[in-house]
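Structural overview for review
Residue strings, one per chain:
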Amino acid sequence: MTIVEGWDSHAWIDGPWIHRSPRRPEVRPRLLAEVTLLPWLAPQLPLPVPVPELTADGVRHLLLPGSPLSGGDEALGRELGSFLKALHAVDPAEAVSCGALDAATASAAKAVELDEFRTQIVPLLPAEARTAAHELLDRVAVVRKCLIHCDFGPDHILTTDGRITGIIDWTDAVIGDPALDLCWVLDGAPRAVAAGAAEVYQPTADLVERAKDWARLSPWYGVHRGLRLDLPDDVADGLRGIVSLL
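What you see as residue numbers is a count from 1 along each chain, following the sequence as written. With pLDDT at 70 or above as the cut-off, local features in this predicted model cover only qualifying residues; side-chain atom pairs require 80 or more to be listed or tallied, and sums for whole chains, interfaces and linings still use all residues. As a rule here, side-chain values come from all non-hydrogen atoms in the structure, and water together with hydrogens is ignored.

Attention now goes to helix α2 (residues 74-89). Secondary structure elements follow DSSP: runs of H or I of four or more residues count as helices, runs of E of two or more count as strands, with numbering from the N terminus. Here the expected span of a helix is defined as 1.5 Å times the quantity of residues minus one. In this model, α2 (16 residues) spans 22 Å end to end at C-alpha, consistent with the 22 Å of a helix rising 1.5 Å per residue. Only protein chains enter the calculation, and the probe is 1.4 Å; a residue is then buried if its accessible area is under 20% of its type maximum, exposed if over 50%, and partly exposed in between. If you check which residues of α2 are buried, you get Leu-76, Gly-77, Leu-80, Gly-81, Phe-83, Leu-84, Leu-87 and His-88. All buried residues of α2 lie within an arc of 165° about the axis, which places them on one face of the element. Note on contacts: a residue pair is in contact if any heavy atoms of the two residues lie within 4.5 Å. For α2, the elements touching its buried residues are α1 (28-41), β7 (146-148), β8 (157-160), β9 (163-167), α6 (178-187) and α7 (191-201). Put simply, Asp-73 is the residue that caps the front of α2, since its side-chain oxygen is 3.3 Å from the backbone nitrogen of Ala-75. It is the directions from the helix axis to the C-beta atoms that the arc portrays. Pairing of N or O atoms within 3.5 Å defines a polar contact, subject to two protein rules: one partner must be a possible hydrogen donor and the other a possible acceptor, and residues neighboring in sequence count only if both atoms are side-chain atoms.

This next bit is on the packing of α6 against helix α8 (residues 205-229). Think of each axis as a best-fit line through the C-alpha atoms, taken over the contacting stretch in the case of a helix, with angles from 0 to 180 degrees between the N-to-C directions. Interaxial distance between α6 and α8 falls to 7 Å at its minimum, and their mutual angle equals 80°. Taken together, α6 and α8 sit at an angle that is classed as roughly perpendicular. Here α6 contributes Pro-178, Ala-179, Leu-180, Leu-182, Cys-183, Leu-186 and Asp-187 to the contact with α8, which in turn contributes Leu-207, Val-208, Arg-210, Ala-211, Lys-212, Trp-214 and Ala-215. Ten residues, namely Ala, Val, Leu, Ile, Met, Phe, Trp, Tyr, Cys and Pro, are considered nonpolar, four, namely Asp, Glu, Lys and Arg, are considered charged, and the remaining ones, Gly among them, are considered polar. Residue composition of the contact of α6 with α8, grouped by class: 11 nonpolar, no polar and 3 charged. Convention used here: angles under 35 degrees read as roughly parallel, angles over 145 as roughly antiparallel, angles from 65 to 115 as roughly perpendicular, and any remaining angle as oblique.

This paragraph deals with the sheet that holds strand β6 (residues 67-68). Either a parallel or an antiparallel arrangement is found when strands of a sheet pair, and the pairing is made through backbone hydrogen bonds. When DSSP finds two or more bridges between a pair of strands, those strands are recorded as paired. Taking strand neighbours across the sheet as the criterion, the 3 strands line up as β6-β8-β9 in an open arrangement whose pairing is antiparallel. With partners counted over all chains shown, the strands left at the sheet margins are β6 and β9, one partner each. Most of the contacts of α2 go to β9, to which it runs at about 30°, and overall it touches β8 and β9.

Two numbers describe how helix α5 (residues 130-140) lies on α8: the axes approach to 10 Å, and their chain directions differ by 115°. Here α5 and α8 pass one another in a crossing that is left-handed. Here Ala-133, Leu-136, Leu-137, Arg-139 and Val-140 of α5 lie close against α8, whose contacting residues are Asp-213, Trp-214, Arg-216, Leu-217 and Trp-220. Crossings are classed by handedness, with left-handed meaning an anticlockwise turn of the near helix from the far one by less than a right angle and right-handed meaning a clockwise turn.

Two aromatic rings, drawn from Phe, Tyr or Trp (for Trp, its six-membered ring), form a pair once their centres lie within 6.5 Å of each other, and the interplanar angle then sorts them: stacked below 30 degrees, edge-to-face above 60, tilted otherwise. According to the stated counting rule, one finds 4 aromatic pairs in the structure shown. Here Phe-83 and Phe-152 contribute two aromatic rings whose centre-to-centre distance is 6.0 Å and whose plane-to-plane angle is 10°, an arrangement assigned as stacked. Of this pair, Phe-83 sits in helix α2 while Phe-152 is found in the loop between β7 and β8, placing the two residues 69 residues apart along the sequence. Under the relative-accessibility criterion, Phe-83 is labelled buried at 0%. Taking 5.4 Å as the distance between ring centres and 75° as the angle between the ring planes, the aromatic pair formed by Phe-117 and Tyr-221 counts as edge-to-face.

This paragraph deals with the nonpolar core. Nine residue types can take part in a nonpolar core, namely buried Ala, Val, Leu, Ile, Met, Phe, Trp, Tyr and Cys, and a core is a set of them joined through side-chain atoms within 4.5 Å. Leu-41, Phe-83, Leu-147, Ile-167, Trp-170 and Trp-220 are the most contacted members of the largest nonpolar core, which has 52 residues in total. Here this core gets 6 residues from one element, more than from any other, and that element is α8.

A separate point is the pairing of β9. Counting buried residues in β9 gives 4 out of 5 residues, a clear majority hidden from the surface. In the sheet, β8 pairs with β9 via 4 bridges, with the strands oriented antiparallel. For Thr-160, the partnering residue across the bridge sits in β9 and is Arg-163. Taken together, β8 and the strand that follows it, β9, pair antiparallel across an intervening segment of 2 residues, in which Asp-161 is found at a positive phi of about 50°.

Our next topic: the pattern of salt bridges. When a carboxyl oxygen of Asp or Glu lies within 4 Å of a side-chain nitrogen of Lys or Arg, that pair is called a salt bridge. One pass over the full model with this rule turns up 16 salt bridges. The partner of Arg-20 in a salt bridge is Glu-34, and the shortest N-O contact between them spans 2.9 Å. Here Arg-20 is found in strand β3 (residues 17-22), whereas its partner Glu-34 is found in helix α1, with 14 residues between them in sequence. Across the pair, exposure class does not vary: Arg-20 and Glu-34 are buried alike. The salt bridge partner of Arg-240 is Asp-237, with a shortest N-O separation of 2.3 Å. Of this pair, Arg-240 and Asp-237 both sit in helix α9 (residues 232-245), 3 residues apart, which is roughly one turn of that helix. Residue class for Arg-240 comes out exposed when judged on its relative accessible area of 53%.

Here it is as structure tokens:
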């Protein structure tokens, strides 16, 4: 048995199965929602995703092959673009009925988080950066229109021999802004991967700008965590990152 710990779940591999149980009570309903959401979603997507089933303490699904993405070419980028285009095109009302977090609930949760960013982090920024900081927080709060993975990055994209073999970790799936899923793909991925994804997805200029906004928001989470856990070095590093990206 191999233990694989995640941020939201305890996970362990037993034979061909990966088992997951929630690390915190608030994670449990989202983890269990995967049991209804992913079987509905999987046939609509061009790349494999887990199809979990209930267990006594959480869920399990067959282990998808591959390792987290660590590079890639334009062909791999086109796979990602095709995947995200299909994901963002599914019926959002049906997705909610199958377990995805609805827009109103997700917006309320995001509003709490953004309010904490405003009250806890903005006052720590240089005075000349605060207006731009408030404007950024305003912009990322406004769009919720389709099903998104919500944590789409290289750790959750499995590859074997340069091809994608699975997209994992759907606990945060929500009706939200498609630009959030495109954030790493367009602004953090290798240049060839980003080019291939953009070729297939064909994001609008507005979507590209919103993806950049989500990238600008990334260091805020490190500051937020550093304040919560009393990690002053993380706070200082994150504040420098926020200022450099505003």
